Amino acid sequence: MSETLGTTGLILNEPLLWERGKKGRCGYSMPAADVPQNLLPTELTGDGPDFPDLSEIEVVRHYTRLSTWNFGVDTGLYPLGSCTMKYNPKINEKLAGLRGFAAAHPLLPSVLSQGALRLMFDLERFLAEITGLDAVTLQPAAGAQGELTGMLIVHAYHQAQGKQRTKILIPDTAHGTNPASAALCGYAPVPVPSGPDGILLPEVVAGLMDSETAGIMITNPNTLGLFEENIREIARIVHDRGGLVYGDGANMNAVLGIVKPGEIGVDILHLNLHKTFSTPHGGGGPGAGPVAVRKDLARFLPIPRVVERNGAYELREDFPESVGRVLAFHGHFGILLRAYAYILSMGPDGFKQVSRLAVLNANYVREGLKDVLHTAYDRPCMHECVFSDQNQHEAGITTLEMAKRLIDYGYHPPTIYFPLVVHGAIMIEPTETETKEDLDGFIEAFRSVVREAGENPEVIREAPSRCKVKRLDETAAARNPCLTG
Amino acid sequence: MKKIEEIVLPEELRYSADHEWVGQEGDRARVGITDYAQDQLGDIVYVELPTVGKHIAQGAVFATVESVKSVSECFMPLSGEITAVNGPLSDDPVLLNQSPYGEGWMVLVKPDDPAAVSKLLTAEAYRARLKGDA
Amino acid sequence: MRYLPHTDEDITNMLGAVGLKGLDDLFAAVPGDCRFEGTLDLPEAMSEWDLERHIGRLAGRMAVSPEYNLFLGAGSYDHYIPATVSSLLGRSEFVTSYTPYQPEMLQGTLQGIYEYQTLTARLLGMEVATASHYDGATALAEALLMAVRITGRKKAALSRAIHPHYRQVVRTYFAPTGYELLEIPCLETGLTDIDRIGEIRDLAAVALQSPNFFGCIENVQEAADRAHAGGALLVSGFTEALAFGLLKSPGSQGADIVAGEGQSLGIPRSFGGPALGMLASRKQHMRSLPGRLVGQTKDRDGRRGFVLTLATREQHIRREKATSNICSNNSLCALAAAMYMASLGRTGIRELAALNHDKAEYLKNALQKAGCTIRFSGPTFNEFVVGFPGGFDALHRRLLDRKIVAGLPLGAHYPELADYGLLCVTETCSREEMDRLVREVVS
């Protein structure tokens, strides 16, 4: 590859906010005072926070320049494994800005908020249909909070059975949020090793599942991009011993309209609307993590819940067995709205095609790289493929260094060093919205990086060389933390 | 990373399979992590040490050592009461990388069993184990 | 479908490359008994135009200003959002990027969040602040769990004047932990009965909110002194971040951890979310903080740059021993808040906060003159509890038909305040609108 995607650009420097400005400036249009001044007792008031005073143009230039140092899905391919960085439709952003929704107060009486309640009610039904489960809460703010909500439901279920349990099974390929969420509910995570093919074996689960174990948390497809083929058998074992099966829906993008988790033994499942349902990641959030459950677990869902009566919708709190509230109001409504718009844009056939093309794209990348990168598990994948840096050990080049070099070629690197079970993992999830040409470009770039690892390792160790900054010293940042200026 | 042959293991110290070293000092034992352990961990950014006076059993966690993206627990090589900790490590964790057997020591212990130190691995036996590990 | 770029030819070529015949062959690893063979029961795909019309209709069924006059706060506030904030926040480099795990290509987000952390710390009078949490309620719950970790004690006390929903969320988070939660009652003044703090032993934390749910300004310093005397931490909460443009910061009054809601700072109400959980603490507790933190560092050429740091506290490294399970936060909302705080500046935020206070006082005084009961006589900020001459609930219902939402009835959460309501006024409320409310109350 003679030319990289990137070319020289104009990267402007920009100081910190408080290194700009001048006392007395203001970038805000202050409303006129139409009432008399009324002073608070001076013992209650302070001098105001030490903010810089900036004019409007200074604020605009500051953030415009900052934005040019960022890389988003709109900039280019963003193949982060397990993150599903698909295209975020512009129409969804526009609709979220409609004044009727953007300016709506969460505590409006039901009669004055029928639009939002109807949207939530319908979205719950759609998500129930997609997951094959019966009832949904939209309240959790993110995937991890969905997991926490799910674990609270597991906890409430066992409490209602009259005997609490102490442990939970979590495969060694799981996201870190799984054990952390379970631990918040007092469950000790018991790691379940995956089998030689990268998937769970029923006999291993059977050996660990006992009457002290509350259930299992399964990500399917798992973080190796493999479908857990034994899911039904595993669910049967867990159910027979009184446990519940929690599904981590982070990877649902692989199986929309192809597998309904509720039909293959999953009792509770969270979805990441910011992954599967196209809502933007926003540089780390906000996302949304709705939770779907089987009918008999619906009584534990968080309050308030949206109910319909004779075509009118209302929020109700009279569910005595509910785990309670997990957020101050009704969830990240602005995100829910975007996901709702996405579902209506795709339709039933569109969803099935999403998963087919997501899996096609992942296998295409896998095929294009498997002769130069070591494959952790040599078998077709679902929506993401996992490699490692094993072939580059001899040249002394690591996953991190290859990732940094990909930046110079104009691509966001894949997820690295996860899942933990693969040493030096490189986890690639292209998603369905990428064109064949862009995938070809990415494959060619990665192959070029691999060539450089053998021929010119210095250029890799120096990478990235075309960003705003060169490689940053994370050790110094952690040794002497400087968190505020 | 260092080859096993390059790992420094002072002969006068004893070692545990969990990569701690112990040095006998009268009725006390000084404890730290080995050159191998610091090399594996990479740049250490933070060390959490126990409180003085605490009794910790052999095999229990007595400290945690953090690099940028990992947390490792350190296991007591012998049972005893913590009589001193290396305070400067908290502000200057780099000492663990630079001088694991000197300024990077971690705790001073009063062992329950005065003969416990001699029951640990010799430098030779520990290096043999490392080769098995590697 | 416009989001799916594959032509038939692409699909054929790509399938050929991976050695398969049809798209369904891609799912060979999914056993037959795991497949869903039917068609999802979802509405048929809509065109962009149809979608806009459909959702536009739903949006039209919501009561918002200017058609309605709303005097509703209670944790979600109507403040004007400058056009600059909406416009800058809409830049897709911010919107469509992921968590900055590759810092060299996400310096925009990282510097932006570092600035947010700094401005938040200054606003709240603390030394360090996190990169954001989901909302004020979860920030408060995390703050209390943090206090449990720091002190090693297993009991926390919450003022009854904390937002009722926040207390519910804290109860949800605490329910499976076995830690005990106690409630500190309120006095006739609407303030927390801080004398009770000394009566409870072995508390990890005392939490209160100021301005509290009733708008009353608590004596944070006094509460902090009492908490500290018993070895507990003082967690100071808030729902109206703008108040600290005018009021003393909680950090300057002895709070150890500050947790609350930043929606007021340039974030649309959006039917309750996404909003912004703000969490700040003293530096000594930095390593016990939950969630992401951005720190300053240097690159290989010695230039200033920013990275996510102290990550070993977090779930992706420490797993079940992490300080929290939180992963994604509300980063974009934090960026909005930073833009808003930068637009106001010190001069602006003080002026705006004072204006908010003046307006609320105007309505409070006018209602009092018109014969309404102002339930608590002490100083308030933006919100106050009021009783109407003919009873609150009946008039509240009647005014809905006049397109006025006269606050929030309090009976459901506070039986002792049945037939009282919580009214809120911000800078977006004109004198004319307030006068109209007073006329309606009197008539």
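Residues numbered from 1 in each chain as written. Chains lettered and ligands numbered in written order. Predicted model: local features only at pLDDT ≥ 70, side-chain atom pairs only at ≥ 80, totals over all residues. Heavy atoms only, no water.

Moving on to the packing of helix H1 (residues 56-67) of chain A against helix H5 (residues 107-124) of chain C. Orientation of H1 of chain A relative to H5 of chain C, taken along the N-to-C sense of each, is 135°, at an axis distance of 7 Å. In terms of orientation, H1 of chain A lies oblique with respect to H5 of chain C. Seen from H1 of chain A, the contacting residues are His 62, Tyr 63 and Leu 66 of chain A; seen from H5 of chain C, they are Gly 108, Gln 111, Gly 112 and Glu 115 of chain C. Grouping the constituent residues of the contact of H1 of chain A with H5 of chain C by class yields 2 nonpolar, 4 polar and 1 charged. (Axes fitted to C-alpha atoms, helices over the stretch in contact; angles between N-to-C directions. Helix = DSSP H or I, 4+ residues; strand = E, 2+ residues; numbered from the N terminus. Parallel < 35°, antiparallel > 145°, perpendicular 65-115°, else oblique. Contact = heavy atoms within 4.5 Å. Nonpolar A, V, L, I, M, F, W, Y, C, P; charged D, E, K, R; others polar.)

Glancing now at the domain arrangement of chain C. Residues and elements named next belong to chain C. When the domains of chain C are assigned, the result is domain 1 (69-81 + 345-442) and domain 2 (83-340). Centre-to-centre, using C-alpha coordinates, domain 1 lies 27 Å away from domain 2. At the boundary of domain 1 with domain 2, total buried surface from both sides reaches about 2800 Å², with 60% on carbon and sulfur atoms. The three residues of domain 1 that bury the most area against domain 2 are Ile 81, Phe 381 and Tyr 414, which together make up 25% of that side's buried surface. Linking Glu 416 and Arg 160 is a salt bridge whose minimum nitrogen-to-oxygen distance equals 3.0 Å. In this structure, the connection of domain 1 to domain 2 is made through 14 residue pairs in polar contact (both at pLDDT 80 or more). Mapped by element, the contributors of at least two residues to the side of domain 1 that touches domain 2 are helix H10 (331-369) and strand S12 (383-387). If you tally residues by element for the side of domain 1 that touches domain 2, the top one is H10, at 7 residues. (Domains from an automatic or database assignment. Buried area = accessible area lost by both parts, 1.4 Å probe. Salt bridge = Lys/Arg side-chain N within 4 Å of Asp/Glu carboxyl O. Polar contact = N/O pair within 3.5 Å; in protein donor to acceptor, adjacent residues only side chain to side chain.)

With that settled, consider the pattern of salt bridges. Pairing is possible between side chains of opposite charge, provided their charged atoms come close. Within this structure, the stated rule accounts for 63 salt bridges over all chains. Here Asp 34 of chain A ties to Lys 359 of chain C by a salt bridge, and the two come within 3.0 Å at their closest N and O atoms. Of this pair, Asp 34 of chain A sits in the segment before H1 while Lys 359 of chain C is found in helix H10, placing the two residues in two different chains. Taking the relative accessible area as the measure of exposure, Lys 359 of chain C reaches 3% and is therefore buried. (Buried < 20%, exposed > 50% of the residue type's maximum accessible area, 1.4 Å probe, protein only.)

Right, let's get into the interface of chain B and chain C. Residue-level contacts link 8 residues of chain B with 6 residues of chain C. At the junction of chain B and chain C, the tally comes to 2 salt bridges. Salt-bridge contacts for Lys 321 of chain C lead to Glu 73 of chain B; the nearest nitrogen and oxygen are separated by 2.9 Å. Across the contact surface, chain B and chain C share 3 residue pairs in polar contact (both at pLDDT 80 or more). Every element with two or more residues in the side of chain B that touches chain C is listed here: strand S6 (61-67) and strand S7 (70-75) of chain B. Grouping the amino acids of the side of chain B that touches chain C by side-chain chemistry returns 3 nonpolar, 2 polar and 3 charged.

With that out of the way, let us pick up the environment of Gly 178 of chain C. On the secondary structure map, Gly 178 of chain C appears in the loop between helix H7 (164-174) and strand S4 (180-184). The sequence separation of Gly 178 of chain C and Asn 219 of chain C amounts to 41 residues, and the corresponding C-alpha distance is 30 Å.

The subject of this paragraph is the sheet that holds strand S3 (residues 188-192) of chain A. Residue and element names in this part refer to chain A. Taking strand neighbours across the sheet as the criterion, the 7 strands line up as S1-S7-S6-S5-S4-S2-S3 in an open arrangement whose pairing is mixed. Either end of the sheet is taken by a strand with one partner, and the two such strands are strand S1 (135-137) and S3. If you compare each strand with its neighbour and ignore which way they point, the axes differ by 25° on average. Bridging between strand S6 (residues 268-271) and strand S7 (residues 291-293) involves 3 bridges; their strand directions are antiparallel. Note that in S7 the partner of Ile 268 across the bridge is Val 293. (Pairing = 2+ DSSP bridges.)

In this section: the pairing of strand S5 (residues 205-209) of chain C. Residues and elements named next belong to chain C. For S5, the buried fraction is high: 5 of the 5 residues fall into the buried class. Looking at chain direction, strand S3 (residues 155-159) and S5 are connected through 3 bridges and run parallel. Following the sheet pairing, Leu 158 is matched in S5 by Ala 207. As judged from the 5 bridges shared by S5 and strand S6 (residues 233-238), these two strands associate in the parallel manner. Each bridged residue has a counterpart across the sheet, and for Val 206 the counterpart in S6 is Leu 234.

A separate point is the pairing of strand S9 (residues 107-111) of chain B. All names here are of chain B. The element S9 is extensively covered by neighbouring structure, given that 4 of its 5 residues are classed as buried. In this structure, strand S3 (residues 28-33) lies alongside S9, joined through 3 bridges in antiparallel fashion. Across the sheet, the residue bridging to Arg 30 is Leu 108, located in S9. As paired strands, strand S8 (residues 80-85) and S9 are joined by 5 bridges and run antiparallel to one another. Bridge pairing in S9 places Gly 80 opposite Pro 111.

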